[in-house]
Amino acid sequence: MIVVTRVGTPEAEINRISEEFRSWGLTPEKIVGRYKVVIGLVGDTADLNPERMEEISPWIESVVRVEQPFKRASREFRHGEASEVWVNTPNGKVPFGENHPIVTVAGPCSVEDETSIVQTALRVKAAGAKFLRGGAYKPRTSPYSFQGHGESALDLLAEARRASGLGIITEVMDSEDIEKVAQVADVLQVGARNMQNFSLLKKIGAQSKPILLKRGMSATIEEWLMAAEYILSAGNNQIILCERGIRTFDRKYTRNMLDLAAVPVLRSLTHLPIMVDPSHGTGWSSYVPAMSKAAVAAGTDALMVEVHPNPSKALSDGPQSLTLEGFEQLMQELAVLGKTFNRWEEETPVTA
Ligand code: PEP
Ligand code: MN
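Just so it is clear, the structure is predicted and the values come from calculations on it, not from any experiment.

The rules we used
- Residues numbered from 1 in each chain as written.
- Chains lettered and ligands numbered in written order.
- Predicted model: local features only at pLDDT ≥ 70, side-chain atom pairs only at ≥ 80, totals over all residues.
- Heavy atoms only, no water.
- Core = buried A, V, L, I, M, F, W, Y, C linked by side-chain atoms within 4.5 Å.
- Buried < 20%, exposed > 50% of the residue type's maximum accessible area, 1.4 Å probe, protein only.
- Helix = DSSP H or I, 4+ residues; strand = E, 2+ residues; numbered from the N terminus.
- Contact = heavy atoms within 4.5 Å.
- Donors = N, O, S within 2.8 Å, 3.2 Å for Na, K, Ca; no water.
- Near = heavy atom within 4 Å.
- Polar contact = N/O pair within 3.5 Å; in protein donor to acceptor, adjacent residues only side chain to side chain.
- Areas by Shrake-Rupley, 256 points an atom, 1.4 Å probe, with all protein chains shown as cover.
- Nonpolar A, V, L, I, M, F, W, Y, C, P; charged D, E, K, R; others polar.
- Pairing = 2+ DSSP bridges.
- Axes fitted to C-alpha atoms, helices over the stretch in contact; angles between N-to-C directions.
- Salt bridge = Lys/Arg side-chain N within 4 Å of Asp/Glu carboxyl O.
- Parallel < 35°, antiparallel > 145°, perpendicular 65-115°, else oblique.
- Left-handed = near helix turned anticlockwise from the far one by under 90°.
- Phe/Tyr/Trp six-rings, centres within 6.5 Å; stacked < 30°, edge-to-face > 60°.

> Looking at this structure, how should I read the nonpolar core?
In summary, soluble globular proteins display a tendency toward joint burial of nonpolar side chains. Counting 67 residues, the largest nonpolar core has Leu213, Leu241 and Phe327 as its most contacted members. Among the elements that line this core, the one with the most residues is helix H7 (residues 221-233), at seven residues. Discounting chain neighbours no more than four positions away, the residues touching Leu213 are Val190, Met195, Leu201, Trp224, Ala227, Ala228, Ile231, Ile239, Ile240, Leu241 and Cys242.

> Before we go on, may I ask you to explain the coordination of the manganese ion (ligand 2) in this structure?
The reference angle at a metal is 109.5 degrees if four donors form a tetrahedron and 90 or 180 degrees if six donors form an octahedron. The coordination sphere of the manganese ion (ligand 2) contains the protein donors Cys109 (SG), His280 (NE2), Glu306 (OE) and Asp317 (OD), at a distance range of 2.1 to 2.4 Å. Considered as a linear motif, the donors of the manganese ion (ligand 2) on their single chain read C-x170-H-x25-E-x10-D. Here Cys109 is found in the loop between strand E7 (103-107) and helix H3 (114-126), whereas its partner Asp317 is found in the loop between strand E14 (302-306) and helix H11 (324-340), with 208 residues between them in sequence. Residue Cys109 is classed as buried on the basis of its relative accessible area, which comes to 3%. Owing to a relative accessible area of 17%, Asp317 belongs among the buried residues under this scheme.

> What is the right way to look at the site of ligand 1 in this model?
The full set close to ligand 1 counts 13 residues, and Arg133, Lys138, Ala192, Arg193 and Arg244 are the nearest of them. Here an oxygen atom of ligand 1 and a side-chain polar atom of Arg133 are 2.7 Å apart. In this structure, Arg193 approaches ligand 1 through a side-chain N or O atom, which is 2.9 Å from an oxygen atom. Computed on the free molecule, ligand 1 has an accessible area of 290 Å², of which 97% lies beneath the protein chains in the complex. Residue composition of the shell around ligand 1, grouped by class: three nonpolar, three polar and seven charged.

> Sorry if this is basic, but what is going on with the sheet that holds strand E10 (residues 187-190) here?
In sheet architecture, strand pairing relies on hydrogen bonds along the backbone and comes in two forms, parallel and antiparallel. The strand order E7-E8-E9-E10-E11-E12-E13-E14 describes a closed barrel built from eight strands, whose pairing is parallel. Across the sheet, the axes of successive neighbouring strands diverge by a mean angle of 25 degrees, strand direction being ignored. Sheet analysis places strand E11 (residues 211-214) next to strand E12 (residues 239-243), joined by four bridges and oriented parallel. The residue of E12 that forms the bridge with Lys214 is Cys242. Lying over the sheet, helix H4 (residues 151-164) contacts strand E8 (131-133) and strand E9 (167-171), oriented at roughly 160 degrees with respect to E9. The strands touched by H7 within the sheet are E11 and E12, with E12 carrying the most contacts at an inclination of about 160 degrees.

> Hey, could you run me through the pattern of salt bridges in this one?
For side chains bearing opposite charge, pairing can occur when the charged atoms are close. Counted according to the given criterion, the structure contains 22 salt bridges. Where Glu13 meets Arg16, a salt bridge forms, and the shortest distance between an N and an O atom there is 3.0 Å. Taken together, the positions of Glu13 and Arg16, both in helix H1 (residues 11-22) and three residues apart, correspond to about one turn of that helix. Overall, Glu13 belongs to the buried group, its relative accessible area being 14%. With a shortest N-O distance of 2.7 Å, Asp277 and Lys214 are connected by a salt bridge. Here Asp277 is found in the loop between strand E13 (274-276) and helix H9 (278-282), whereas its partner Lys214 is found in strand E11, with 63 residues between them in sequence. Note on Asp277: relative accessible area 0%, which makes it buried. Here the residues in one salt-bridge network are Arg75, Glu98, Arg267, Asp301 and Arg343, joined through shared partners.

> Could you clarify how one ought to interpret the packing of H3 against H11 in this entry?
Any two packed helices are characterised by the angle at which their axes cross and by the distance between the axes. Contact geometry for H3 and H11: axes closest at 10 Å, N-to-C directions at 20 degrees. On the basis of their axis angle, the class for H3 and H11 is roughly parallel. H3 and H11 meet at a crossing whose hand is right-handed. Residue-level contacts link Gln119, Thr120, Arg123 and Val124 of H3 to Leu324, Glu325, Phe327 and Glu328 of H11. Classifying every residue of the contact of H3 with H11 gives three nonpolar, two polar and three charged.

> I tried to follow unusual backbone geometry on my own but got confused; where do I start?
Leave glycine aside and you will find that most residues have negative phi; peptide bonds, for their part, are mostly trans. Backbone geometry at Asp317 places phi at a positive 55 degrees, although glycine is not the residue there. Even without glycine at this site, Asn342 takes up a positive phi of about 60 degrees. With respect to the helices, strands and loops of the structure, Asn342 is situated in the segment after H11.

> Can you walk me through the packing of aromatic side chains in this structure?
Both the distance between ring centres and the angle between the ring planes are used here to describe each pair of aromatic rings. This structure, assessed with the given rule, holds three aromatic pairs. Ring centres of Phe21 and Trp24 lie 5.1 Å apart, and the angle between their planes is 80 degrees; on these two criteria the pair is classed as edge-to-face. Phe21 gets classed as buried once you look at its relative accessible area, which sits at 0%. Owing to a relative accessible area of 37%, Trp24 belongs among the partly exposed residues under this scheme.

What follows is the structure, given as structure tokens:
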């Protein structure tokens, strides 16, 4: 349930209302919106009468029931306002959200060696990316495939972060590694295969770094939002959702089916920022530019694109990785589209 307070409600009254509901066995969560303060209530609210609840204070404007099973993740929980995720990077804070420019994340599937990760970081940054992606711990279908370089790859990501100033996004597969990964990463990625690893979600939700939650390959939108709810209920509300394609009957020509309808659907259901990954979504680099543009047109807040200096030699996901030049070209095309939607960062004029 959410309690909408009137504009100008004194802070002390908000606290008093919250404490009253706490004494009813509910968990109040104060959400400061642009105009109003909303108190989200989580707990057993089934038997409560919203009209009676409004009588608690003349400062309460309305009490509304959130019908969806995902409470904190729902758009209503913030009274219709989008949330923003601000990520600290060496180059400053980067905001994700529907009222901000589209954020681009680029880099190889796996971190391979120092030269290639630093080179990739510098080039994608020059093209306009704000984050470098790259896996240190890789979730591979076969135990005989390259599993990622692990801890030593984290050191290489730290090196690329220093050299480029880009933020780092990398996957955590095991809750034992959270602390180690969080020392290097600015955003922790939960991969598709772990979207419903509830113990990982609880643990990652208990730390403070922002989280990128990828959609499970066979997850419904509701299951995905319930996974986000696990993280939110563990205390972390810095979550970005990433659509990365789902399984369908036809996998002959694409690896997954990129569900772009998920973008407007999520927009209506949740306040959380949205990212699209057309690389895993299609499986082929030649389809990535078209689907990146389609994602921008669909209203995504961010894009994640796999980029490799030499895709034919990549240790994982080469076929879906753009070359550095391919990524530069794509960013130029995206800028045209992004500007027409008023979602592209103004270029900072280069001063001599
Ligand atoms: C990845 O981002 O490299 C990855 C493994 O993605 P997903 O979890 O979406 O398959
Ligand atoms: Mn990959």
